[in-house]
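Here is what each chain is made of, one letter per residue.
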Amino acid sequence: MTTSVNSGRPGAIWAVPALAFFAVFALVPMVLVVALTFTTWNGLGSPTWAGLANWKHLFHDATLGQSLWLSFKLTVISWVVQTLVALPLGVWAAGRQRNRAVLSTIFFVPLLMSSAAIAVLWSALLDPNFGLAAKIGPWLGVKDGNFIGQPSLAFYTVAVVIAWQYIPFHTLLYQSATRQIPEVLYEAATMDGAKRLRQFWSVTLPQLRNTVVTSSVLMLVGSLTYFDIVLILTNGGPGTSTRILPLHMYLTGFSSFQMGYASVLAVILLVAGTALSLVVTRVTGFRRMQSQREGL
Amino acid sequence: MNKVENTAINSYNKANSAQVSLQTFVNDPYKQKLQTGLGSPNAPDIFFNWGGGNLEQYVKAGQVFDLTSALNGDSTWKKSFIPSVLNTAKINGKYYGVPVEGVQPAFFFYNKDVFAKAGIKTPPASWNDLLTDVDTLKSKGITPITVAGSQGWTELIYLEYLLDRVGGPTKFQNIVDGKAGAWKDPAVVTSLTMIQQLVDRGAFGTNYASVNWDNHGTQTLLSSAKAGMELMGSWEFSGLLGTFPDVIKQNKIGWFPFPGGIPGGTGNPKDVVGNPDNYLSVTTTSKSRDTAVDFLKKTMADKNYVKDLISIGQVPAIEGIQNQLSTGSYGDYNTFVYSLVKNSPSFTQSWDQALTPAVSQSLLTNLQKVFNKQMTPQQFADAMDQGQ
């Protein structure tokens, strides 16, 4: 009887179910979308061959430039704002004090809500006459509560709502990562005479490096697919002021029923998302992921 | 609605030993089902549609039976429908459908308390009256007209009416027909300029672009006396009845047609816009085409069917039902809606239903930009002309 070293261990066959799923629900649709870009189709009947017409339309689409710019702006703003809030909040929430536990639980509530519910909630809050916007607007210099109706303000309002939705998740990441930091590091730092702020900069932050990278990748790539909240809250409006690329794609496909051109936009989104995640992981050394705890 | 239709079908089946049955679907799935079903061996004999552009695509595909001779051959039947409504199912001079439900024109709703407090005695009868009332209400610190600017279709009603009042129904017909330069017609630019003048005048207040119709934003403003008027489809009445039944029951809401008397305007002030009706059409492939036509003849203008429709708050597009309407519940409202449509020389279908989905999309976003002063009327005309 011969026992191979590998017997009972995962072989290639173990990956088949996952690979099959990935192929059916990710690869095949992607290929189909690319094929659709060469057709005209209104979603009913059969697609008809259109050659490069949809790709050429890219250069005549007056909304595309704005959509790309808005998506880029939303990505950067979301990353900066959400990181700046989630990181300190996560570190704070990592403390074992009871009041922090109670407050953290409240902070995490948005995590339990679906995007659609959040968007509906906020559109009620942002009603300029009867919502919270009417009360809070004057304090913030928006006398008439017209947050989602002013082209310039609508975009930032959307960014705030998105931050409200995602900060809890990233806070949770930072909270658990902070709790993983060995106590000995803080004890050593205390013996060296480091105060709390110094401990944060010299112990906590370096220890959170990999978490920062993970959270950033999720935020950056995720922000390219923000969509549901914007759809329900502003539907890309007023005019096209919040019509980010994913929404532009959706509206082109499912409101204008131009599936061919919407597929072109989908391909652009796919390429942009893949490129962004490659760049981020490379630049940050995410792939190497060295241990931050050598010698412990 | 289905109950009324089933009653009609059952009584027809009994009287004619025929086999008519009703299959129902929700709005969007229905449109998909219809698109794939027509032309297939399982095609229905009769199908429900929206007339105008919606029906035209099936007509173009040769799937709809021409009802012209059936209608012309039975003039009593034809004359029982209000002509401007029946005409929405008229494509290239031929009739392809008959009205099946209630009419839905758009007009102004107003809060009677607000008008009384501001000293406005009668609803505005002309464009100038409307502007005067706007100024009066504004000076009292009330939003003169509420519009749900976060949803472009509510703003579209203004353009639909103004273009009709300025240049008559042919201007929009040119757009539907795809005539070159139809969007750049001076009447379009004039109408949009009038919209921006209303905006500048403060007619809609300042935060209208954040107001949402689905959240009952405008209904709340109107019922709580924070706004004076709202331009909306006739469905707003049942909407208000659902959300704020008290204001309807206490008779606080009034209504008046979109005013005429626009300087230089050539349109007839009696024209209306909105959703004329829904229609029933017969398929060309139907094996029992004669029975289908017979069913439409015997049912659509039938006394009992009309009575049942009225009993559920619909105002059918049938001639000579004033008395029946005025004696039912909300008789004054139903009579108003009825005579508005009956006396209209032309009933323009809502543009976003009459045009293709892609054009409607750009129309709605561009119109929002006009309302928000991000686009000039001329830029709008140029953009729509280029299909942006």
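Rules used throughout
Residues numbered from 1 in each chain as written. Chains lettered and ligands numbered in written order. Predicted model: local features only at pLDDT ≥ 70, side-chain atom pairs only at ≥ 80, totals over all residues. Helix = DSSP H or I, 4+ residues; strand = E, 2+ residues; numbered from the N terminus. Buried ≥ 20, exposed ≤ 12 C-beta atoms within 10 Å, placed from the backbone. Contact = placed C-beta atoms within 7 Å. Core = buried A, V, L, I, M, F, W, Y, C linked by C-beta atoms within 7 Å. Domains from an automatic or database assignment. Pairing = 2+ DSSP bridges. Axes fitted to C-alpha atoms, helices over the stretch in contact; angles between N-to-C directions. Nonpolar A, V, L, I, M, F, W, Y, C, P; charged D, E, K, R; others polar.

A.B. asks: So what's going on with the overall build of chain A? Residues and values would help.
C.D. replies: Looking only at helices and strands, chain A features 13 helices and two strands. The principal-axis extents of the C-alpha atoms in chain A amount to approximately 80 × 70 × 30 Å. The buried share among the 296 residues of chain A stands at 31%. Here the contacts in chain A between residues at least 6 apart in sequence split such that 67% fall between residues at least 24 apart.

A.B. asks: Any chance you could break down the nonpolar core for me, citing the residues and the numbers?
C.D. replies: Residue and element names in this part refer to chain B. In this structure, Val98, Ile195 and Val341 are the most contacted members of the largest nonpolar core, which totals 113 residues. Looking at this core element by element, the count peaks at eight residues for helix α9 (residues 152–167). Formed jointly, this core draws a minimum of three residues from each of two domains, domain 1 (2–103 + 276–348) and domain 2 (104–272 + 356–385). Discounting residues that sit within four places of it in the chain, Val98 has contacts with Leu67, Phe81, Ala89, Tyr279, Leu280, Leu296 and Met300.

A.B. asks: Can you lay out the sheet that holds strand β4 (residues 98–99) of chain B for me, pointing to particular residues and giving the numbers?
C.D. replies: Residues and elements named next belong to chain B. Strand order in the open sheet made by the three strands is β1-β10-β4, with antiparallel pairing throughout. Only two strands of the sheet have a single neighbouring strand rather than two, namely β1 (46–49) and β4. In this structure, β1 lies alongside strand β10 (residues 279–282), joined through four bridges in antiparallel fashion. Across the sheet, Asn49 pairs through a bridge with Tyr279, a residue of β10. Strand contacts of helix α15 (residues 289–299): β1, β4 and β10, with the helix running at about 160 degrees to β10, the strand carrying the most contacts.

A.B. asks: Pulling in residues and values, what's your account of the domain arrangement of chain B?
C.D. replies: A common measure of how large an interface is: the accessible area buried when the components associate. All names here are of chain B. Partitioning chain B into domains gives domain 1 (2–103 + 276–348) and domain 2 (104–272 + 356–385). Relative placement of domain 1 and domain 2: their C-alpha centres are 29 Å apart. Contact with domain 1, which involves 15 residues of that partner, is made by 17 residues of domain 2. Counting residues per element, the ones that place at least two in the side of domain 1 that touches domain 2 are α18 (331–342) and β11 (347–349). The dominant element in the side of domain 1 that touches domain 2, judged by the number of residues it contributes, is α18, at five residues.

A.B. asks: I'd like a description of the interface of chain A and chain B, backed by residues and values.
C.D. replies: In this assembly, 28 residues from chain A lie in contact with 26 residues from chain B. Its residues placed into classes, the side of chain A that touches chain B shows twelve nonpolar, 14 polar and two charged.

A.B. asks: Before we move on, can you summarise the environment of B:Leu130 with the specific residues and values?
C.D. replies: Residue and element names in this part refer to chain B. Relative to the assigned elements, Leu130 resides in helix α8 (residues 127–139). Residue Leu130 is classed as buried on the basis of its 23 C-beta neighbours within 10 Å. The sequence separation of Leu130 and Ala203 amounts to 73 residues, and the corresponding C-alpha distance is 9.8 Å. Leaving out residues up to four positions away in the same chain, Leu130 has contacts with Pro124 and Pro259.

A.B. asks: Could you give me a rundown of the pairing of strand β7 (residues 227–233) of chain B, with the residues and numbers involved?
C.D. replies: All names here are of chain B. Taken across its seven residues, β7 has six buried, putting it largely inside the fold. Where strand β5 (residues 104–111) meets β7, five bridges bridge the pair, whose relative direction is antiparallel. Opposite Phe107, over in β7, you have Met232 as the bridge partner. Sheet topology note: the strand β6 (residues 143–145)/β7 ladder contains two bridges and is parallel. If you follow Ile145 over to β7, its bridge partner there is Met229.

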